Amino acid sequence: MPIEIKNLCYSYKQGTPFEKKVLHNVNLSINDGEFIGLIGPTQSGKTTLAQHCNALIIPQKGRVVVNGCDTAEKNANLTDLRQNVGYVFQNPDYQLFAPTVGEDIAFGPVNQKLGRDEINNRVREAMEQVGLDYNIFYKRDIFALSGGQKRRAAIAGVLACRPRVMILDDVTAGLDPRGREEILAVVRKLHEEKMLTIIFISNSMDEVAMLADRIAVLDKGHIIIDDTTKSVFGEAEKLQQIGLELPEVMEITGKLREYGFKLPQTLITLDEVVELISADLQGKQVGE
Amino acid sequence: MEKLIEVTNLAYTYRAGAGNAVTALSGINMEVYRGEFLAITGQNGSGKSTLARHFNGLLTPDRGEVFVEGIPITDKKRIADIRKAVGMVFQNPDNQLVSSIVEEDVAFGPENLGLAPEVIRNRVDWALKTLNIESLRLESPNNLSEGQKQLVAIAGVLAMKPECIVLDEPTAHLDPRSRREVLENVTRLNRNEGITIILLTHFMNEVVFCDRMIIMDMGKIIITGTPQDVFNKEADIVRLGLDFPVAARIASGLRAKGLILPESIIDAEELVNQLCLLK
Amino acid sequence: MELTKNITLGVYLPGETVIHRLDPRTKIVIASLLIFLLLMIKSYPAYGMILLFLTAVIFISGIPIRYALCGLKPMLPVLILMWFFQLFLYSSPDAHVIFSWWIFTATDAGMHMGNLISLRVFFLFGATTILTLTTSMVGLTDGMESLLNPLRKIGLPTQELVMTMVIALRFVLILAEELDKIVKAQMARGVAFDRGNFIQKTKKLFPVFLPLFINAFKRAEELIVAMESRSYTGGKGRTKMKTLHMGRVDLIAGLIMLIFSAIVILIIFTIQPQI
């Protein structure tokens, strides 16, 4: 389900003295099965851009075409479109509407007016995909969930609509390391096994670096870089200039490079770093 | 060193409704020294917030005792003194800012202390200046970024001139840049203003600058020590579901490769320095 | 889908004009006087005076007129409905019938009544909108607190009331944004808010309010803890950083208002009311 964004502009509170331009002439095409990371400093327009992708926001200027359907078209079936392009919000408290986990996950399928068995199947399947045990959690009170479990329930609620594209808007914020790992594992599995197209918004460069094939960098409503993950991190200076923090590994390799260590100017894994440093140092020691 | 806060044998149980008792803390013994930078870490639900809420009497112990500057927190008559000495900053800045104007919000605490208008004005100016947010003075918190809001919340506590500031996961919802900014400011308050800092966090790269750290799990203190000591217990930290600073991981990888590096490496700067010595 | 976009009542538009610089107490008193006058006016010339006055104030304060008016949009259906109500239901013995159909009879008296009441609502709205657009909420509450202060003597907890207002004001916007997010989250899962009749649409709002209320309670709980740990124990013993000062402009504004009120009252008593 490809998404084509052409010359998209958007202003917040258009027509009032508080008008603020959020997106300027954005062009982006997202292909089927891609894992694209959307990064940028706070208030750079990431969320606004992503919400155009499932017609939560209708373009003021420009076009957004999802699977051949223009979201600004008068008779476009936006309800169907939103089921196909799922959106998981940053804060799970805004997207859990029912008292129990099972009822909440069924919310989407119930809106689709599916049969009872079908709904039940979908809930069971969605819970399994996010690693919430059906027998334990189906009747569990939403408020009795931990932060990580709440987020998994929120993802399951979107999965139950059987989307082909999934937008994840900073879903690891506020989780502890273990909770974060669990969510990221779920996301990776959905991409690899279910072949879902993933649009992944995050403040954490480490997460994006680990997961995304391609990254679009937003700054003040402009897309300033749109390239493969490796190439994007090759432009470390540009990223830092707009106020992004590099992955921790890159900060260390960057400093070491200044002192003459032979390390590449892009993102490498921790093991690679260890390998290269030890080769560099031990080569020297042998040479002496 | 002088003890600012002393906790002996503290136990606390949450009772939610009928019969649903959850033991949040048990057998806690610890102290906080005047002027130190103490980090308390642990997974969500490990009890660190519950413990912290005893430091200024928001919760009172089920068993055991907590003293702030020698005053037991159960002393209802002196609770005002305790709250004046120990300020608290919470995770979500939106839920702790009261006013729609930054400087008025910062003034809220001193106003509660019943200070004279010009004294409040001075303190507000000082707090905003110390945190480098004077330019936000007349803004509405609604127009600020999460990071800026959190700095305003800290300024609000700072303006009360506390001995100690407890920060309960102040960076959990912040982007990395704001997180660094908040942390730098907190560190500066400790170093330059001599304010005792207690930082609750689950980001391990935030604790590398503290003097001492405590790791909690399931309502108990598991490890206490300097960050250098604590990060030598790699196996323990991984078992407790916590992260390990990247620099420490690289150092340990290099040691495995036969390089001789000190065990105390936990932050990037130290790692780079040590590696340069080898070069 | 921006819920807060067309709300002008309660929004503050920062500025540096004379109107902005007036002491909030002056503005509150002037606005109250205007409202009082509006409730007495029964003739078009007097409304003309008010229109003149408000236009002048809008002009001086630099508020874009189009923006000031866009807040009226949601009220328009109510205004029109009210006008028709008066047109058909109000009558007096010496009224001329304009037209009559089935059980409906429209008289000129009814039309005038409709006009006057619509104008009254329109101007009431205008006066309060201008007040909030040019006065920060904090200014307003400070002004209210100061004006209400004498009532403390008879045991009214004015400081607590004003504190409640201050907090409510801060959280109205937060809750509006939160509502926006919840509505979006439901749309994303297949709720079609834009479809269906009125009852169906209303029914769809129930699951929106559940998370909104729950979150609001959670916020309130956290806020109480935060306030408590900042030594808040109620209004007693509290001082204020800012004290209000009246200046020359306030005196001048007060005088202008007095003269204006005198003229309007003169018009009210000399010109034959329309009804």
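The coordinates are above.
First, a word on what this report is: a plain description of the structure on this page. Here the structure is a predicted model, which means the values were calculated and not measured. (Residues numbered from 1 in each chain as written. Chains lettered and ligands numbered in written order. Predicted model: local features only at pLDDT ≥ 70, side-chain atom pairs only at ≥ 80, totals over all residues. Heavy atoms only, no water.)

1. Considering the overall build of chain B
Helix and strand content of chain B: 11 helices and 10 strands. Against the compact-globule benchmark of 19 Å for 279 residues, chain B has a radius of gyration of 20 Å, which places it among compact chains. Across its three principal directions, the C-alpha atoms of chain B cover 65 × 50 × 35 Å. Counting across all 279 residues of chain B, residues that qualify as buried make up 57%. The long-range fraction of contacts in chain B, counting pairs at least 24 apart against all pairs at least 6 apart in sequence, stands at 64%. (Helix = DSSP H or I, 4+ residues; strand = E, 2+ residues; numbered from the N terminus. Rg over C-alpha atoms; globule rule 2.2 N^0.38 Å. Buried < 20%, exposed > 50% of the residue type's maximum accessible area, 1.4 Å probe, protein only. Contact = heavy atoms within 4.5 Å.)

2. Concerning the overall build of chain A
When you go through chain A residue by residue, the secondary structure sums to 13 helices and 10 strands. For a compact globule of 288 residues, the expected C-alpha radius of gyration is about 19 Å, and chain A comes in at 21 Å, within 12% of that figure. Taken along its principal axes, the extent of the C-alpha atoms in chain A is 75 × 50 × 35 Å. With 288 residues in all, chain A has 58% of them scored as buried. Excluding contacts between residues fewer than 6 apart, the proportion of contacts in chain A whose partners are at least 24 apart in sequence is 61%. Taken as a whole, chain A presents about 12200 Å² of accessible surface, with 47% of it coming from carbon and sulfur. In chain A, the 33 positive side-chain charges and the 40 negative ones have mean positions that sit 6 Å from each other. (Areas by Shrake-Rupley, 256 points an atom, 1.4 Å probe, with all protein chains shown as cover. Lys, Arg positive; Asp, Glu negative; His and termini not counted. Charge placed at Lys NZ, Arg CZ, Asp CG, Glu CD.)

3. Comments concerning the packing of aromatic side chains
Considering all chains together, one arrives at 14 aromatic pairs over all chains under this definition. Look at tyrosine 134 of chain A and tyrosine 138 of chain A: their rings are 4.9 Å apart centre to centre, the planes differ by 40°, and that puts the pair in the tilted class. Joined through ring pairs, the aromatic side chains of Tyr47, Phe122 and Phe123 of chain C make up one cluster. Above the face of the phenylalanine 203 of chain B ring, arginine 179 of chain B is positioned so that its terminal group lies 3.8 Å from the ring centre. Above the plane of the ring of phenylalanine 171 of chain C lies arginine 170 of chain C, whose end atom (NZ or CZ) is 5.3 Å from the centre. (Phe/Tyr/Trp six-rings, centres within 6.5 Å; stacked < 30°, edge-to-face > 60°. Lys NZ or Arg CZ within 6 Å of the ring centre and 35° of its normal.)

4. Side note on the interface of chain B and chain C
Across the contact, 38 residues belong to chain B and 28 residues belong to chain C. For the pairing of chain B and chain C, the buried interface totals around 2900 Å² over both sides, and the portion due to carbon and sulfur atoms is 51%. Of all residues in chain B, Asn95, Val98 and Glu111 of chain B bury the most surface against chain C, accounting for 22% of the area lost on that side. For the interface between chain B and chain C, the tally reads 6 salt bridges. The closest approach of N and O atoms between glutamate 228 of chain C and arginine 83 of chain B, which form a salt bridge, is 3.4 Å. Our count for the contact surface shared by chain B and chain C stands at 17 residue pairs in polar contact (both at pLDDT 80 or more). (Buried area = accessible area lost by both parts, 1.4 Å probe. Salt bridge = Lys/Arg side-chain N within 4 Å of Asp/Glu carboxyl O. Polar contact = N/O pair within 3.5 Å; in protein donor to acceptor, adjacent residues only side chain to side chain.)

5. Observations concerning the sheet that holds strand 10 (residues 220-225) of chain B
Residue and element names in this part refer to chain B. Strand order in this open sheet of 6 strands is 6-7-8-3-9-10, and the pairing throughout is mixed. Edge positions in the sheet fall to strand 6 (86-89) and strand 10, since each of these pairs with one other strand and no more. Pairs of neighbouring strands in the sheet enclose a mean axial angle of 20°, with direction left out of account. When strand 3 (residues 37-41) meets strand 9 (residues 212-217), the two strands line up parallel, connected through 4 bridges. Looking at the pairing, threonine 41 lines up with isoleucine 215 of strand 9. (Pairing = 2+ DSSP bridges. Axes fitted to C-alpha atoms, helices over the stretch in contact; angles between N-to-C directions.)

6. Looking at the packing of helix 12 (residues 248-258) of chain A against helix 10 (residues 246-256) of chain B
Interaxial distance between helix 12 of chain A and helix 10 of chain B falls to 9 Å at its minimum, and their mutual angle equals 65°. The segment helix 12 of chain A lies against helix 10 of chain B, with Glu248, Val249 and Ile252 of chain A engaging Val246, Ala247 and Ile250 of chain B. A breakdown of the residues in the contact of helix 12 of chain A with helix 10 of chain B according to their chemical character gives 5 nonpolar, no polar and 1 charged. (Nonpolar A, V, L, I, M, F, W, Y, C, P; charged D, E, K, R; others polar.)

7. A look at the interface of chain B and chain A
Taken together, the contact between chain B and chain A spans 34 residues of the former and 33 residues of the latter. The junction of chain B with chain A conceals about 3200 Å² of combined surface from both sides, 60% of it contributed by carbon and sulfur atoms. For chain B, the biggest contributors to the area lost against chain A are Arg177, Lys257 and Lys279 of chain B; these three give 21% of the whole. Scanning the region where chain B abuts chain A turns up 5 salt bridges. The shortest N-O distance in the salt bridge between aspartate 243 of chain B and arginine 180 of chain A comes to 3.4 Å.

8. Some thoughts on the environment of asparagine 44 of chain B
Residue and element names in this part refer to chain B. Tracing the backbone through its elements, the reader meets asparagine 44 in the loop between strand 3 and helix 1 (48-52). Overall, the relative accessible area of 37% leaves asparagine 44 in the partly exposed class. A polar contact of 3.4 Å, which involves the side chain of asparagine 44, links it to the side chain of histidine 202.

9. Here's the deal with the sheet that holds strand 9 (residues 214-219) of chain A
All names here are of chain A. One open sheet holds the 6 strands; their spatial order is 6-7-8-3-9-10, and the pairing between them is mixed. The open sheet terminates on both sides in strands that have one partner only, identified here as strand 6 (85-88) and strand 10 (222-228). Going from strand to strand, the sheet's axes swing by 15° on average, the running direction of each strand aside.

10. With respect to the pattern of salt bridges
Under the counting rule described, the total for this entry stands at 43 salt bridges over all chains. A salt bridge links aspartate 180 of chain C to lysine 184 of chain C, with the nearest nitrogen and oxygen atoms 3.8 Å apart. In this pair, aspartate 180 of chain C and lysine 184 of chain C both sit in helix 8 (residues 158-187), 4 residues apart, roughly one turn of the helix. Judged on exposure class, the residue aspartate 180 of chain C and its partner lysine 184 of chain C are both buried. Through salt bridges with shared partners, one network takes in Glu103, Glu104, Arg121, Asp125 and Arg137 of chain B together with Lys242 of chain C.

11. Re the pairing of strand 1 (residues 97-101) of chain C
Residue and element names in this part refer to chain C. Of all 5 residues in strand 1, 0 are buried; the element is thus mostly exposed. Examined bridge by bridge, strand 1 and strand 2 (residues 104-107) share 4 bridges and lie antiparallel to one another. From the neighbouring strand, serine 100 faces strand 2, where its bridge partner is threonine 105. Between strand 1 and strand 2, which pair antiparallel one after the other, the connecting turn spans 2 residues, and tryptophan 102 there sits at a positive phi close to 50°.

12. Considering the nonpolar core
Residues and elements named next belong to chain A. Among the nonpolar cores identified, the biggest contains 53 residues, and Ile155, Met166, Leu168, Phe200, Val217 and Leu239 are the most heavily contacted of them. The leading source of residues in this core is helix 7 (residues 147-159), at 6 residues. Each residue touching leucine 168, except ones within four places of it in the same chain, is listed here: Val88, Ile155, Val187, Ile198, Ile199, Phe200 and Ile201. (Core = buried A, V, L, I, M, F, W, Y, C linked by side-chain atoms within 4.5 Å.)

13. Focus: the environment of glycine 40 of chain A
Residue and element names in this part refer to chain A. Mapping glycine 40 onto the fold places it in the loop between strand 3 (35-39) and helix 1 (46-53). On a C-alpha basis, the gap between glycine 40 and valine 217 in space is 5.5 Å, while along the polypeptide they are 177 residues apart. What glycine 40 contacts, discounting residues up to four positions off in sequence, is Lys46, Asn203, Leu218 and Leu244.

14. Some details on helix 2 (residues 24-40) of chain C
All names here are of chain C. Its 17 residues give helix 2 an end-to-end C-alpha distance of 25 Å, which sits within 8% of 24 Å, the value for a rise of 1.5 Å per residue. Where the residues of helix 2 are buried, they touch helix 1 (18-21), helix 3 (44-61), helix 6 (108-134), helix 7 (137-148) and helix 11 (248-270). The backbone nitrogen of arginine 25 lies 2.7 Å from a side-chain oxygen of the residue at the head of helix 2, namely aspartate 23. (Expected span 1.5 Å × (residues − 1).)

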